[in-house]
Amino acid sequence: MSEMIGQFAALLAASFWAVATLLYHRAGSHFSPLQMNLVKGVIATPLLFLVSLLLGTSLQLSAGVVILALSGVIGITIGDSCHFATLRRLGPWHAMLLEYLAPPLAAFMAWVFLSDRLSIIEITGAVVTLSGVLFVVTEKAPDNQPALSLSGILFGSGAALCQATGLVMAFSVLQTESIHAIDAAFVRLAAGSVLLAVIVGLSKRNAYAAIIRQFKSINPLPLLGAIVFGTFLAIWLQQVSIANINPGLTQTLLSTAPLFLIPISLLKKQKITPRSVIGACISLGGIGILFL
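A short tour of the structure in this document, coming up. (Residues numbered from 1 in each chain as written. Predicted model: local features only at pLDDT ≥ 70, side-chain atom pairs only at ≥ 80, totals over all residues. Heavy atoms only, no water.)

## What about the overall build of the protein chain?
Now for step 1: When its secondary structure is counted, the protein chain shows 12 helices and 0 strands.
Now for step 2: Reading the secondary structure of the protein chain in the N-to-C direction produces α-α-α-α-α-α-α-α-α-α-α-α.
Now for step 3: Expected size for 292 residues packed as a compact globule is a radius of gyration near 19 Å; at 18 Å, the protein chain falls within 12% of this value.
Now for step 4: Seen through its principal axes, the protein chain has C-alpha atoms that stretch 50 × 50 × 35 Å.
Now for step 5: The buried share of the protein chain, taken over its 292 residues, is 51%.
Now for step 6: In the protein chain, the share of contacts with a sequence separation of at least 24, taken over all contacts with a separation of at least 6, comes to 90%.
Now for step 7: Working note: accessible area of the protein chain is about 13800 Å², and carbon and sulfur atoms make up 71% of it.
Now for step 8: The centroid of the 15 positive side-chain charges in the protein chain is displaced by 18 Å from the centroid of its 9 negative side-chain charges. (Helix = DSSP H or I, 4+ residues; strand = E, 2+ residues; numbered from the N terminus. Rg over C-alpha atoms; globule rule 2.2 N^0.38 Å. Buried < 20%, exposed > 50% of the residue type's maximum accessible area, 1.4 Å probe, protein only. Contact = heavy atoms within 4.5 Å. Areas by Shrake-Rupley, 256 points an atom, 1.4 Å probe, with all protein chains shown as cover. Lys, Arg positive; Asp, Glu negative; His and termini not counted. Charge placed at Lys NZ, Arg CZ, Asp CG, Glu CD.)

What follows is the structure in structure tokens.
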């Protein structure tokens, strides 16, 4: 039962991240990667804290909390900033492709450092799922996509490595200590956001005033929607998932986010290619194997 909870949580997080990616891309041109990362943390962290209070969870300082905070710095401060930098340099299509380095990295690190191995069925399901997603996203890129650049590739690879590392560190804590998923999400995001606030504040004078001015100059609803879905809810569900299943599987199921763009495109009455449908069916088969 716990494995099924973890799998459903990761799939739901993927659906939220798909919606958030579209909204973040619309707002991303108005903020630098560090600014965007800080804005989402400043808004989402109090939301997580409020939910933690409402649920009546208790969080005490421990070695596990310190590791969670460090995982937030690696996965959120560094990893998410690299991801936003990749979006600016390569666009969402190429940035999405580089994210598929994260699932095998997470599974490999969990195996090497935590001796948490995947079964043959889990490996098969993960490979089939990723194959289907890659079949969809490697379709011919839109003509308006930016050209590949070395800096964009390095940022994208760094983002995948940091996200996988942060996830495995959080997994090690949630498997050994009785910390609630909402508290784990809060600690990770809060730690990452505090360091970001320091970095942004030291980067130039009046940095916070500039962010506030930029925020006031845009329609905030798409950005707020992206933060609620892609940060507040998605990171909470991510912690629920890794509390119940291997981080490699969590990252694999999170990588299905592009598949959720297909029904969104249908709702917007956009054309869906046969390749997208075939790839989605392949991934659904892989997900079915994971649920066996």
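## Some details on the packing of aromatic side chains
Now for step 1: Using the criterion set out here, one finds 5 aromatic pairs in the structure.
Now for step 2: With a centroid separation of 6.0 Å and 70° between ring planes, the pair formed by Phe 108 and Trp 111 is classed as edge-to-face. Of this pair, Phe 108 and Trp 111 both sit in helix α4 (residues 102–114), 3 residues apart, which is roughly one turn of the helix.
Now for step 3: Assessed through its relative accessible area of 48%, Phe 108 is described here as partly exposed.
Now for step 4: Taking the relative accessible area as the measure of exposure, Trp 111 reaches 40% and is therefore partly exposed.
Now for step 5: Here the aromatic rings of Phe 232 and Trp 236 are separated by 6.1 Å at their centres, their planes lie at 45°, and the arrangement is tilted. One end of the pair, Phe 232, and the other, Trp 236, are both in helix α9 (residues 220–242), 4 residues apart, so they sit about a helical turn from each other. (Phe/Tyr/Trp six-rings, centres within 6.5 Å; stacked < 30°, edge-to-face > 60°.)

## Re empty space enclosed by the protein
Now for step 1: The final tally for this structure, using the stated rule, is 1 cavity of 30 Å³ or more.
Now for step 2: In this model, the largest cavity occupies a volume close to 530 Å³.
Now for step 3: Forming the boundary of the largest cavity are 21 residues, of which Trp 17, Asp 80, Gln 163, Gln 238 and Leu 254 lie nearest the centre.
Now for step 4: For the lining of the largest cavity, the secondary-structure elements that each account for two or more residues are α1 (2–27), α3 (63–98), α6 (150–176), α9 and α10 (247–254). (1 Å grid on protein atoms, 1.4 Å probe; cavity = no way out; pocket = protein on both sides within 12 Å on 5 of 7 lines; lining within 4 Å. Points joined across faces, edges and corners; volume = space filled by probe spheres on them.)

## Let's talk about α10
Now for step 1: Across the 8 residues that make up α10, a large majority, 8, are buried.
Now for step 2: All buried positions along α10 are accounted for by Pro 247, Gly 248, Leu 249, Thr 250, Gln 251, Thr 252, Leu 253 and Leu 254.
Now for step 3: Of the residues that open α10, the one with a side-chain oxygen 2.6 Å from the backbone nitrogen of Gly 248 is Asn 246. (Polar contact = N/O pair within 3.5 Å; in protein donor to acceptor, adjacent residues only side chain to side chain.)

## Quick word on the side chain of Ser 255
Now for step 1: Mapped onto the fold, Ser 255 is located in the loop between α10 and α11 (261–267).
Now for step 2: Looking at Ser 255, the relative accessible area reads 8%, which means it is buried.
Now for step 3: Those residues within four positions of Ser 255 in sequence are excluded, and the remaining contacts are Tyr 100, Pro 103, Leu 130 and Val 133.

## Quick notes on the nonpolar core
For soluble globular proteins, nonpolar side chains are generally found buried alongside one another.
Now for step 1: Of all hydrophobic cores here, the largest spans 27 residues; its most connected members are Tyr 24, Phe 31, Leu 48 and Leu 223.
Now for step 2: Looking at this core, the elements that each hand over two or more residues are α1, α2 (33–55), α3, α7 (181–203), α8 (207–216) and α9.
Now for step 3: Considering every element that reaches this core, the biggest residue donor is α2, with 6 residues.
Now for step 4: Here Tyr 24 is in contact with Trp 17, Met 36, Lys 40, Phe 84, Leu 223, Ala 226, Ile 227 and Thr 231, once residues within four sequence places are set aside. (Core = buried A, V, L, I, M, F, W, Y, C linked by side-chain atoms within 4.5 Å.)

## Quick notes on a nonpolar patch on the surface
Now for step 1: Among the surface-exposed residues, Phe 108, Trp 111, Val 112, Phe 113 and Leu 114 lie close enough to one another that they form a single nonpolar patch of about 530 Å² accessible area.
Now for step 2: With respect to the helices, strands and loops of the structure, Val 112 is situated in helix α4. (Patch = residues over 30% accessible without salt bridge, like charges linked within 9 Å, V, L, I, M, F, W, Y side chains within 5 Å. Salt bridge = Lys/Arg side-chain N within 4 Å of Asp/Glu carboxyl O.)

## What to know about the environment of Gly 156
Now for step 1: By the element assignment, Gly 156 lies in helix α6.
Now for step 2: Taking the C-alpha atoms as reference points, Gly 156 and Gly 79, separated by 77 residues in sequence, lie 8.9 Å from one another.

## As for unusual backbone geometry
Now for step 1: If you check the backbone angles, Ser 115 has positive phi at about 55° while not being a glycine.
Now for step 2: Tracing the backbone shows Ser 115 in the loop between α4 and α5 (120–137).
Now for step 3: Overall, Ser 115 belongs to the exposed group, its relative accessible area being 60%.
Now for step 4: The backbone of Asn 206 shows a phi angle near 55°, a positive value even though the residue is not glycine.
Now for step 5: Within the secondary structure, Asn 206 sits in the loop between α7 and α8.
Now for step 6: The exposure class of Asn 206 is exposed, given its relative accessible area of 58%.

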